[in-house]
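Breakdown of the fold
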Amino acid sequence: MTFDRHARIVIVGGGAIGCATAYALARKGEGDVLLLEKAQLTHGSTWHAAGLVGQLRGKRNLTRLMQNSVAVFDRLEAETGQAIDWRKVGSLRLAASPERWSEIRRSMTLARSFGFEVESLAAAEAAAMFPFIDPAGVVGAAYIPSDGYVDPYALTMAYAAGARAGGVRIEEGVTVTDIVTEGRRVAGVVTDHGTIGCDVLVNCAGIWAKRVAELAGVALAAGVVEHQYFVTEKSLKFEPTLTTLRDPDSNFYLKPDVGSFAIGGWEDGTKGCWRGRPPFEFARELFPANMDRLELFALPAAERLPILNEVGIQTIINGPIPVSADGEPIMGLAPEYDNLYVACGFTAGIAASGGAGEAMANWIVDGDPGMDLWQFDVRRFGPPQAIGAWLEERAIEAYGAYYKIHFPNEEMHAARGQRLSPLHGRLDAAGAVFGAKFGWERPNWFAPPGSAREDRPSFEGRPNWFDVVGEEHRAIRERVAVIDQTSFAKFELSGPGVAAFLQGLADNDVDRPVGSCTYTQLCNDKGGIEADLTLMRLAGDLYYGVTGSGFGIRDMGWIARHKPQGVRLREVTSAYAVINVVGPRARDVLEALTDDDLSNAAFPYLTIREIELGHARVRAARVGYVGELGWELHVPVEHAAGLYDRIVAAGAPHGIANAGYRAIDSCRMEKGYVYWSSDVTPETNPYEAGLGFCVAFDKGDFLGREALARVKADGPRRKLVTLTVDGFAPFHGGETILHDGAVVGSVTSAGYGHTVGRTIAFGYVPAALAGADVFDIIAFGESWRASRGPRALYDAKNERLKA
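To start, this report covers the structure provided alongside it.

Reading the values: rules and limits
- Residues numbered from 1 in each chain as written.
- Predicted model: local features only at pLDDT ≥ 70, side-chain atom pairs only at ≥ 80, totals over all residues.
- Heavy atoms only, no water.
- Helix = DSSP H or I, 4+ residues; strand = E, 2+ residues; numbered from the N terminus.
- Expected span 1.5 Å × (residues − 1).
- Buried < 20%, exposed > 50% of the residue type's maximum accessible area, 1.4 Å probe, protein only.
- Contact = heavy atoms within 4.5 Å.
- Core = buried A, V, L, I, M, F, W, Y, C linked by side-chain atoms within 4.5 Å.
- Polar contact = N/O pair within 3.5 Å; in protein donor to acceptor, adjacent residues only side chain to side chain.
- 1 Å grid on protein atoms, 1.4 Å probe; cavity = no way out; pocket = protein on both sides within 12 Å on 5 of 7 lines; lining within 4 Å.
- Points joined across faces, edges and corners; volume = space filled by probe spheres on them.
- Nonpolar A, V, L, I, M, F, W, Y, C, P; charged D, E, K, R; others polar.
- Pairing = 2+ DSSP bridges.
- Axes fitted to C-alpha atoms, helices over the stretch in contact; angles between N-to-C directions.
- Parallel < 35°, antiparallel > 145°, perpendicular 65-115°, else oblique.
- Left-handed = near helix turned anticlockwise from the far one by under 90°.
- Phe/Tyr/Trp six-rings, centres within 6.5 Å; stacked < 30°, edge-to-face > 60°.
- Lys NZ or Arg CZ within 6 Å of the ring centre and 35° of its normal.

Some points on helix α1 (residues 16-27)
- Taking 1.5 Å per residue as the helical rise, α1 with its 12 residues ought to reach 16 Å, and the 16 Å between its terminal C-alpha atoms agrees with that figure.
- Of all 12 residues making up α1, 11 are buried, and the element is well covered by its neighbours.
- Turning to α1, the residues buried within the fold contact β1 (5-12), β2 (33-37), α2 (60-80), α5 (152-165), β18 (340-344) and α8 (349-366).
- Positive backbone phi, at 90°, marks G29, one or two positions downstream of α1.

A short note on the nonpolar core
- Judged by nonpolar contacts, the single largest core of 52 residues is most densely connected at I11, Y159, V202, M331 and L373.
- Excluding anything up to four places from it in sequence, L373 contacts N61, L62, L65, M331, A359 and W363.
- Counting residues in hydrophobic clusters, the runner-up holds 41 residues, among them A7, V174, L391 and A415.

With respect to the side chain of E628
- Among the secondary structure elements, E628 is positioned in the loop between β29 (616-621) and β30 (630-636).
- Note on E628: relative accessible area 4%, which makes it buried.
- Reaching out from E628, the side chain makes a polar contact with the side chain of R800 at a distance of 3.2 Å.
- What E628 contacts, discounting residues up to four positions off in sequence, is I476, R477, V582, G583, P584, Y794, R800 and L801.

Notes on helix α10 (residues 388-400)
- Spanning 13 residues, α10 covers 18 Å between terminal C-alpha atoms, matching the ideal 18 Å at 1.5 Å per step.
- Counting buried positions over the 13 residues of α10 gives 10, a clear majority of the element.
- For α10, the set of buried residues is G388, W390, L391, E392, R394, A395, E397, A398, Y399 and G400.
- Where α10 is buried, its residues contact α6 (209-214), β12 (222-232), β15 (260-265), β16 (313-324) and α9 (383-386).

Overview of the layout of surface pockets
- Size it by volume and the second largest pocket reaches roughly 1000 Å³.
- Breaking the lining of the second largest pocket down by element, the ones donating at least two residues are α8, α14 (552-562) and α18 (705-714).
- With 5 residues, the top contributor of residues to the lining of the second largest pocket is α14.
- Along the lines of polarity and charge, the residues of the lining of the second largest pocket split into 16 nonpolar, 9 polar and 16 charged.

Here we look at the pairing of strand β11 (residues 194-203)
- The buried count for β11 comes to 9 of 10 residues, which makes it a mostly enclosed element.
- Across 7 bridges, β1 lies against β11 in parallel orientation. Paired with A7 across the two strands is C198, which belongs to β11.
- Note: strand β10 (residues 185-191) against β11, 4 bridges, orientation antiparallel. Looking at the pairing, V189 lines up with I196 of β11.
- The antiparallel pairing of β10 with β11 creates a hairpin that spans 2 residues between the two strands.
- Inspection of the sheet shows β11 paired to β18 by 3 bridges, in the parallel sense. Looking at β18, one finds that N203 is bridged to V342.

Brief notes about the packing of α1 against α5
- The N-to-C vectors of α1 and α5 enclose an angle of 30°; their axes lie 8 Å apart at closest approach. With respect to each other, α1 and α5 are oriented roughly parallel. Like other packed secondary-structure pairs, α1 and α5 cross with a definite hand, here left-handed. Residues A16, C19, A20, A22, Y23 and A26 of α1 touch α5, and the partners they reach there are T156, Y159, A160, G162 and A163.

Considerations on unusual backbone geometry
- Of note in the backbone geometry, N409 takes a positive phi value of approximately 65° without being a glycine.
- Along the chain, N409 falls in the loop between α10 and α11 (424-429).
- Even without a glycine there, the phi angle at A415 is positive, about 55°.

Looking at empty space enclosed by the protein
- Applying the stated criterion across every chain, the model contains 1 cavity of 30 Å³ or more.
- Residue lining of the largest cavity: N580, V582, V623, G624, Y625, V626, G627, E628, G630 and L801, and that is the complete set.
- Of the residues belonging to the lining of the largest cavity, the class tally is 5 nonpolar, 4 polar and 1 charged.

Let's talk about the packing of aromatic side chains
- Under the defined criterion, the tally for this structure stands at 29 aromatic pairs.
- An angle of 90° between the planes, with centres 6.3 Å apart, marks the rings of F132 and F238 as edge-to-face. Separated by 106 residues along the polypeptide, F132 in the loop between α4 (123-129) and β6 (140-144) and F238 in the loop between β12 and β13 (244-247) bring together distant segments of the chain.
- Note on F459 and F780: the rings are 6.3 Å apart at their centroids and 70° apart in plane angle, and the pair reads as edge-to-face. In this pair, F459 is assigned in the loop between β20 (440-446) and α12 (466-478) and F780 in the loop between β36 (774-779) and β37 (782-789), connecting sequence segments 321 residues apart. Per residue, the accessibility class of F459 equals that of F780, and both read buried.
- Three or more aromatic residues joined by ring pairs make a cluster, and in this case those are Y253, W266, Y399, Y402 and Y403.
- Taking the ring centre of W208 as reference, the NZ or CZ of K38 above it sits at 4.0 Å.
- When the ring centre of Y794 is taken as origin, the NZ or CZ atom of R477, which lies over that ring, is 3.9 Å away.

Structure below.
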């Protein structure tokens, strides 16, 4: 197609995120950038945003992103000459329940582990800082001095001015009506003012991002809901330095304004809008106020702030805002294309804009956002989460959960039952307490008869499933268990040259005999781990890949970006159920159902064979994630239920038990097995993660080889260590690790090992300290003495695994 004109980078959307991205690109020297806005800048959600800026998040890199925003705000006015009304007055977050105080203290511990300034206050200190509050019921508060608020309109205009000064062109009143694609690339866009070719397309279309993405066949889990706040009459008197306020237990936030307060909340039962597909004609518009929903946060706010009973409401704002399926932003390179980027779904888009713009500019120009942003990554979602009705239900829940207490291992409740394993009914009857992963219902644990089938999590105590998971753990270790792992993401790679292609992509040697299973990483050119998965060779030109339930889109996208044209990639997740039979009696159970030889000599560890089992033919793989003798049985879905029944019957004499994912996690911690996204990420390499045994330099060239060779020669700068505390300790990940009183790292994964009887924590520490025997772990303000142990605390020689 011949285009009317061309720009190297085209950005769709002129809100805070789009303009911040344009500004950041200009600062990186990208002058050939064109931003298209269908109406006028800020129209959509930016213009009616409250403008609160809060930085502290539950993950280190997410907090860093917000910190980067504040750094941009600090310099933007001087750099562009545009006033943004940035008021760095700090923020006060109240806790009015012990559980909330645990949550806040956990966040403060995380923040301090990387030098983020936050102060812990008593109720009286909080009241002195914000004299309008009634401190009744307040058990503590956190004060962040570098937070504040900003004028969203002025901020966006300053971004635009900075972008224009760097050569960016901004065109308002131009609507993108189609996206032209050629294979895995976007070639350009069609607008109501002609066609534009581009090398890179960036979707920053805010509440319209889902519709814009669909023009290219990309499914985004970006929803839209109504959000309200009100502004009081201008009769209040306070100092201009008055801090902002959040009282999540009363479900409201507050921004000081001139003689007034702007107060909003995150009430349950908000209204979803347009199934995430607003009309392009919608622009600078609001909805009628909904007083019933407004009362849900206005009345609690009046209890905390008695002065609200003396002032009236001047204005009520009710407008559409973006909310993703999990309430977090959606960023990165769309997996379907090599040059289509996404930055949308920002519920707190004003606060995130500066950091998000920089991350997007880094991604576009350097191929890397500059930090691991998996919790925001577009690839954490897929087509199932983009279905309009499902997305609307989930977005409404995510919105209402914004100020709810977020316990460890919490599950969302809306839009459940989307993807069901063929074993679901049987597991439900057996007492399964399900969680959801990528739409799949999966058994987390099994409630004994007569007990409540519900999660009751805890920050500092043992959750209600603790003892039950211990029993499932012991079934795996001492007898035999059956685990439904149907939700595994599964794919096939085939065609001439497939082995050579994978040899050049994986760090391990995957050119092994047919029937081999190879655990491997897929690394980037810096040696960082982009994927952690198993590749099984079914034929000379056919591989079967298995990865985590939530990582399939990401891993298959990485493979698709690199594969040659002759290699075929086919997802087969829904074609096969996976039944894991595992434990020291696993062979006895399966031998009762097959005539095939399952002896160690005939069927050794890390092999896969097709066998007859019961009335089905299955792909049986001798692999696993718990560290015991066992087989993953990959069976066509129509045979799964019948096979499960026969396995349970054959296992009855051996004490077979159902087990769930929380038992898996306990077992994998004892074995020292890592989990991608927490223990290993694109920011970690195999050598520091203890996975150097996977790196096969003698096979030839592969992606990341040069970087890994340097790491091996120089030695890693840090190493993943296993730390233990006798008995139970309330570790959940993110806790600070100390050595001789100095901060040396943070916990990446934590859990209780029911066989070893200890709490286990993984964490990276400087390589020079990786041999130290004693560390301290800080959790909820308390210090726990931790001993360094071997990587595998259980069966270090793999004798049981290879039995």
